[in-house]
Amino acid sequence: MNTGMVKKVRVLVFPCGSENAAEIHQALRYSLHVELFGASSVDDHGRFRFARYVGDLPKIDAEGFDRAFSALLSEFGIDMVFATHDTVLEYLSTRAHQMGVMLVNGDPESAAIARKKSMTYRHFADASWIPRVYSSVEQITEWPVIVKPDLGQGGHGVTLVHDRQQAIAAETQIDHPVLVEYLPGDEITVDCFTDKKERLVWVGPRTRERVRAGITMRSRVIELTDEIAAIANEINRGLRLRGPWFFQLKADRNGQWKLLEISCRVAGTMVAQRARGINLPLMAVQDYLGRDLIALSNSHVELVERNIATRSEFNFQYDTVFVDLDDTLILDGYAVPVTMAFLYQSMASGKKIKLITRHQFDVATTLKNAHIDAGIFDQIIVVGAGESKADHITATSIFIDNHFPERIDVARKLAIPVLDVDALEFFIK
């Protein structure tokens with residue numbers, strides 16, 4: 001497809017170093033409709049992911065933040081902003097219109113209601129799915145209960161207390177504590193999308209089977225029951241929403257779902273929906289462009305398992321990548337995917353690619369049999385017996401070879417970075 005005439009939507013993710021920022025990046029990075037930017041107030045993981053990255057913004061409570069953020073929006077011509085933290089979303093919701101940008105799910109009233117659990121519970125007080133809320137310890141008649149921060153998210157700061165003394169002690173340890181009914185049952189997250197017409201386009205419930213630091217690492221898609229759908233629709237009618245959002249439910253003693261919290265931002269484990277073909281961040285871009293949306297899911301995907309991704313960077317300027325052939329580029333007759341990915345990424349950033357090998361057969365035939373185009377290499381060097389690969393490698397290069405004696409020889413003679421295949425994953429963006 002010729003994309004030359006496509007006007008791209010300039011999207012900013014802020015802050016961009018979190019897990020949900022990484023999900024937005026992955027969801028939008030290959031879209032022909034999007035030019036993606038990342039910004040943060042601290043130097044974080046975002047600089048490894050976002051090719052267009054700004055890492056020195058003031059924090060939102062700093063005096064100069066509004067001026068600096070507005071300048072950034074103007075400099076890069078930003079059209080849309082995804083705020084990845086609830087407090088940031090609430091803060092920007094009252095300023096985005098003046099700054100001339102569309103903040104995804106940026107209605108000020110809805111952002112304020114969702115940010116505080118006390119406001120959420122009051123706003124939907126008549127709903128059967130709101131847990132019982134106690135105004136004071138003296139009001140509690142049934143133990144145990146939960147004490148949690150009004151501004152918390154996930155399980156941060158949540159304390160189970162079994163009597164009046166424990167409750168009073170917990171209240172002194174938590175900023176703006178909220179006392180709520182204890183819910184002993186299963187916990188789920190429900191990912192949703194509301195379009196420009198306030199139509200609920202997607203409702204996708206999923207489990208929280210393994211949680212680390214509040215982030216769901218293992219999630220299973222579950223059936224959308226009438227009960228869950230009714231709660232989603234009631235929330236959608238009660239707030240002004242546009243874009244991806246989610247809410248969390250927990251079952252009470254009778255197995256009835258009760259609300260834990262609502263959030264107007266993207267959740268990191270919304271990747272579970274994207275794995276099913278439902279790209280919620282991209283749907284927000286399409287909605288911004290005024291298009292009518294249809295959710296088309298892949299029902300054969302049921303489980304998502306996440307892990308921590310590690311990225312590194314070179315403190316070394318280089319213009320050429322030298323790569324070995326046997327067991328580095330090709331293993332058991334097939335191209336090594338991580339090596340190929342790194343080479344193509346290097347080519348896209350303007351690096352020269354040179355193949356250097358002691359291969360004893362015809363190199364062109366071996367490449368062809370592995371379905372590798374020899375044209376990706378600027379030069380193919382076949383090294384003879386007794387020769388050092390270092391004699392053919394320049395000082396402004398990096399060297400990839402699975403064979404340790406080759407790497408140590410080049411490292412000692414040239415003092416350049418030498419990498420085994422397993423290390424390449426750290427440098428793939």
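Look above for the structure.
First things first, this report covers the structure right here in the doc. (Residues numbered from 1 in each chain as written. Predicted model: local features only at pLDDT ≥ 70, side-chain atom pairs only at ≥ 80, totals over all residues. Heavy atoms only, no water.)

Comments concerning the overall build of the chain
- When its secondary structure is counted, the chain shows 14 helices and 23 strands.
- In terms of overall dimensions, the chain has C-alpha extents of about 85 × 45 × 45 Å along its principal axes.
- A burial count over the chain gives 50% of its 429 residues as buried.
- Taking the intrachain contacts of the chain between residues at least 6 apart in sequence as the baseline, contacts between residues at least 24 apart amount to 64%.
- Taken as a whole, the chain presents about 21,000 Å² of accessible surface, with 49% of it coming from carbon and sulfur.
- Within the chain, one finds 48 positive and 56 negative side-chain charges whose respective centroids are separated by 2 Å. (Helix = DSSP H or I, 4+ residues; strand = E, 2+ residues; numbered from the N terminus. Buried < 20%, exposed > 50% of the residue type's maximum accessible area, 1.4 Å probe, protein only. Contact = heavy atoms within 4.5 Å. Areas by Shrake-Rupley, 256 points an atom, 1.4 Å probe, with all protein chains shown as cover. Lys, Arg positive; Asp, Glu negative; His and termini not counted. Charge placed at Lys NZ, Arg CZ, Asp CG, Glu CD.)

What about the packing of aromatic side chains?
- Scanning the model with the defined rule gives nine aromatic pairs in all.
- A centroid spacing of 5.7 Å and a plane angle of 75° characterise the contact between Phe65 and Tyr91, whose relative ring orientation is edge-to-face. Taken as a pair, Phe65 in helix H3 (residues 65-76) and Tyr91 in helix H4 (residues 86-93) lie far apart in primary sequence, 26 residues in all. Like Phe65, the residue Tyr91 is buried in the burial classification. (Phe/Tyr/Trp six-rings, centres within 6.5 Å; stacked < 30°, edge-to-face > 60°.)

Let's talk about the pattern of salt bridges
- All told, the structure shown has 29 salt bridges when counted by the stated rule.
- Here Asp252 makes a salt bridge to Lys258, at a shortest N to O gap of 3.4 Å. This pair shows no difference in class: Asp252 is buried, exactly as Lys258 is.
- For Asp420, the salt bridge is made with Arg407, and the minimal N-O distance between the two is 3.7 Å. Here Asp420, found in the segment after strand E23 (418-419), pairs with Arg407, found in helix H14 (residues 404-414); they are 13 residues apart in sequence, far enough to count as distant.
- Each of Glu209, Arg210, Arg218, Arg220 and Glu305 takes part in one network of salt bridges that share partners. (Salt bridge = Lys/Arg side-chain N within 4 Å of Asp/Glu carboxyl O.)

Brief notes about the pairing of strand E22 (residues 397-400)
- Side chains Ser397 and Phe399 project from E22 onto one buried face, and the interleaved Ile398 and Ile400 project onto a second face that is buried too.
- As defined by bridge partners, strand E17 (residues 320-323) adjoins E22 across four bridges and the pair is classed as parallel. Across the sheet, residue Phe322 finds its bridge partner in E22, namely Phe399.
- For the segment spanning E22, H14 and E23, crossover handedness is right-handed. (Pairing = 2+ DSSP bridges. Right-handed = clockwise from strand over helix to strand, strands pointing away.)

With respect to the sheet that holds strand E1 (residues 9-14)
- Across the sheet, five strands lie side by side as E3-E2-E1-E4-E5; this open sheet has parallel pairing. Two strands in the sheet have a free side with no partner beyond their single neighbour: strand E3 (53-54) and strand E5 (102-103).
- Where E1 lies against strand E2 (residues 34-39), five bridges are found, and the strand directions are parallel. Looking across to E2, one finds that Arg10 is bridged to Glu35.
- The sheet strands contacting helix H11 (residues 280-288) are E1, E2, strand E4 (80-83) and E5, and the helix crosses E4 at an angle near 150°. (Axes fitted to C-alpha atoms, helices over the stretch in contact; angles between N-to-C directions.)

Structural notes on unusual backbone geometry
- Cis geometry marks the peptide bond from Phe14 to Pro15, where omega comes out at -15°.
- For Pro15, the location among the structural elements is in the loop between E1 and helix H1 (19-28).
- Trp143 connects to Pro144 through a cis peptide bond whose omega is 0°.
- Inspection of the secondary structure puts Pro144 in the loop between strand E6 (133-134) and strand E7 (145-149).
- Residue Glu198 is not a glycine yet carries a positive backbone phi of 65°.
- One can find Glu198 in the loop between strand E10 (187-194) and strand E11 (200-207).
- Unlike most non-glycine residues, Asp332 shows phi in positive territory, near 55°.
- Among the structural elements, Asp332 can be located in the loop between strand E18 (330-331) and strand E19 (334-335).

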